[in-house]
Amino acid sequence: MAKVKEFMVMFFNNRWLVFVVAMWVQSCAGIGYLFGSLSPVIKSSLNYNQRQIARLGVAKDLGDSVGFLAGTLSEILPLWAALLVGAIKNFIGYGWVWLIATHRVPTLPLWVMCILIFVGTNGETYFNTVALVACVQNFPRSRGPVVGILKGFAGLGGAILTQIYASINWPDRASLIFMVAVGPSMVVISLMFIVRPVGGHKQLRSLDGSSFSFIYCVCLILAAYLMGVMLVEDLLDLNQTIVRIFTLVLFLLVIAPIMIPIQMTLSRDPLDPKEESLLASPRTNNEPAKPESEPDPNDFIFSELEDEKPQEVDLLPASERQKKLAQLQAKLAQAAARGAVRVKRRRGPHRGEDFTLTQALVKADFWLIFWSLLLGSGSGLTVIDNLGQMSQSLGYEKPHIFVSMISIWNFLGRVGGGYFSEIVVREYAYPRPVAMAVAQAVMAIGHLFFAMGWPGTMYIGTLLIGVGYGAHWAVVPAATSELFGLKKFGALYNFMTLANPAGSLVFSGLLASSIYDREAEKQAQHRNQRFDKLFVGDEPLKCEGSVCFCTTYIIMSALCVIAVVLSMILVRRTKVVYQHLYGKTRG
């Protein structure tokens with residue numbers, strides 16, 4: 001009995017258990033990607049027009065991205081309490097929408113519906129924040145893979161929930177809203193006490209590398225499986241039993257990573273002391289900072305390197321540059337110890353140290369990340385929000401295929417972006433934002449494919465945009481934590497997510513919709529029809545052909561090129577930081 005109790009304690013405090021459970025929580029954080037399936041139900045039930053649905057979409061994007069309260073509460077409350085708040089908001093927001101859509105309660109004005117959609121979707125920000133905060137602290141030296149996998153499951157959440165709904169086969173289409181309100185809330189509440197920091201910096205094991213490889217394999221199999229199931233269910237008329245078997249296999253794939261913490265607990269593989277010595281214990285919010293009279297020499301010596309190093313050092317090969325920086329750091333340490341050099345202490349932290357949000361907001365690097373993210377992810381979200389209209393304008397009869405495809409490519413982009421960026425920093429000690437520049441270059445090409453509107457380009461464009469957009473959300477959180485610290489990571493991350501609704505509002509809500517309406521009106525006038533307003537009866541004005549979005553996506557492509565330039569400026573500015581963070585581990 002004592003051994004069973006010991007096993008349960010070790011299992012419950014295993015950082016891999018926290019990671020796997022956080023993956024499941026993140027699967028419930030993809031509600032926003034289901035809006036394309038929810039909006040037709042709301043539109044038909046409440047007799048909304050397309051412009052009113054677009055306003056609900058903006059409220060959804062705001063709810064999905066405005067996470068200041070989630071970031072603040074994650075620093076004040078226990079993480080389980082923050083998850084509970086998110087589950088309650090999800091249940092109340094979408095639960096009330098379900099009651100209205102099924103006419104169980106009186107219909108409310110549009111602005112109240114926008115608030116309900118905002119509140120329901122805003123619950124995701126709590127799931128995202130808690131999962132990321134807990135796991136980047138538990139895996140401080142594997143932030144790229146961890147963030148990529150977690151954000152990947154958030155991107156795939158919509159496809160997973162859609163498959164579960166298909167297996168239930170409720171006759172009422174509004175029941176999808178009910179499932180969104182109840183399902184994620186129940187899952188999160190049942191798991192909320194597991195997702196927390198557990199001293200992961202002390203749990204390095206030799207099996208960690210193979211464990212990440214196993215999870216990557218599961219992710220690839222899961223994405224390929226969902227893609228196959230989607231195509232089979234779309235092309236063939238399957239009976240409900242087969243659909244439920246598909247869903248059961250999906251559950252088994254999602255649950256499969258639980259084998260890792262079980263194996264870790266049973267094997268009790270000894271800790272590698274050399275690896276542990278490379279990591280410092282992350283300071284919690286309650287730990288006092290070091291007194292000003294006793295600064296850590298490594299902290300201020302690193303901050304002085306940027307001022308004292310000769311400019312020609314940056315032009316040297318990586319190995320030579322690392323040696324020169326190490327020699328300069330040793331000289332500064334000796335000089336400071338003798339009192340021969342008086343180290344200048346700038347006000348506030350330096351890059352790589354712990355920043356508050358207020359301190360980060362005055363840093364150029366912070367705004368370079370934000371604006372690069374706004375241009376890159378904002379243009380990608382424009383595609384996601386308009387994918388249905390785009391496919392219809394090009395003559396595709398089943399636009400939901402592209403909606404599901406971009407969800408899967410988004411998932412692979414997040415997982416792959418985390419993996420690729422980790423290779424960049426681990427193997428070459430090169431700044432992680434270079435992976436963001438690559439993703440934005442890929443997206444620029446994808447937008448050009450959309451602008452052409454040639455046969456088959458929808459498939460290529462969906463692939464490139466989905467992968468590029470997803471990679472942003474693996475690279476940006478990890479880079480932000482590296483440059484501005486983990487102490488206030490929740491607030492910093494949630495400020496970065498504001499780039500999504502800002503980009504959606506400008507690029508989709510203003511630019512894309514205005515160009516679409518203008519081209520649709522031209523086509524209507526060409527058909528000798530007179531329109532005094534956008535809608536006649538219940539039929540929205542429609543645009544046909546590649547001209548509907550051609551101008552929009554040429555502009556989006558140009559914006560992605562600008563984003564590449566901003567990312568490369570950030571890469572140049574942060575080379576020394578990444579050499580300091582990862583250069584030592586390469587040897």
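Every value quoted in this text rests on a predicted model; they were computed, and no experiment measured them. (Residues numbered from 1 in each chain as written. Predicted model: local features only at pLDDT ≥ 70, side-chain atom pairs only at ≥ 80, totals over all residues. Heavy atoms only, no water.)

Draft legend 1. Seen up close, empty space enclosed by the protein. Going through the model one piece at a time under the given rule, you end up with 2 cavities of 30 Å³ or more. As a volume, the largest cavity reaches approximately 190 Å³. In this structure, the largest cavity is lined by 16 residues; those nearest its centre are Asp64, Asn128, Lys151, Tyr493 and Asn500. Broken down by secondary-structure element, the contributors of at least two residues to the lining of the largest cavity are helix H4 (50–65), helix H7 (110–138), helix H8 (143–168), helix H20 (457–484) and helix H21 (489–496). Sorting elements by how many residues they give to the lining of the largest cavity places H7 first, with 3 residues. Its residues placed into classes, the lining of the largest cavity shows 6 nonpolar, 6 polar and 4 charged. In this model, the second largest cavity occupies a volume close to 50 Å³. For the lining of the second largest cavity, the residue count by class is 5 nonpolar, 2 polar and no charged. (1 Å grid on protein atoms, 1.4 Å probe; cavity = no way out; pocket = protein on both sides within 12 Å on 5 of 7 lines; lining within 4 Å. Points joined across faces, edges and corners; volume = space filled by probe spheres on them. Helix = DSSP H or I, 4+ residues; strand = E, 2+ residues; numbered from the N terminus. Nonpolar A, V, L, I, M, F, W, Y, C, P; charged D, E, K, R; others polar.)

Draft legend 2. Quick peek at the packing of aromatic side chains. One pass over the structure, following the stated rule, counts 24 aromatic pairs. Ring geometry for Phe370 and Phe495: centres 5.5 Å apart, planes at 45°, overall tilted. Remark: Phe495 occurs in helix H21 and Phe370 occurs in helix H17 (residues 364–393); sequence separation between them is 125 residues. Exposure remark for Phe370: the relative accessible area of 8% places this residue in the buried category. Of the aromatic side chains, those joined through ring pairs into one cluster are Phe355, Phe366, Trp367, Phe370, Trp371, Phe484 and Phe495. If you follow Arg196 out to its NZ or CZ, it ends over the ring of Phe12, 4.2 Å from the centre. (Phe/Tyr/Trp six-rings, centres within 6.5 Å; stacked < 30°, edge-to-face > 60°. Buried < 20%, exposed > 50% of the residue type's maximum accessible area, 1.4 Å probe, protein only. Lys NZ or Arg CZ within 6 Å of the ring centre and 35° of its normal.)

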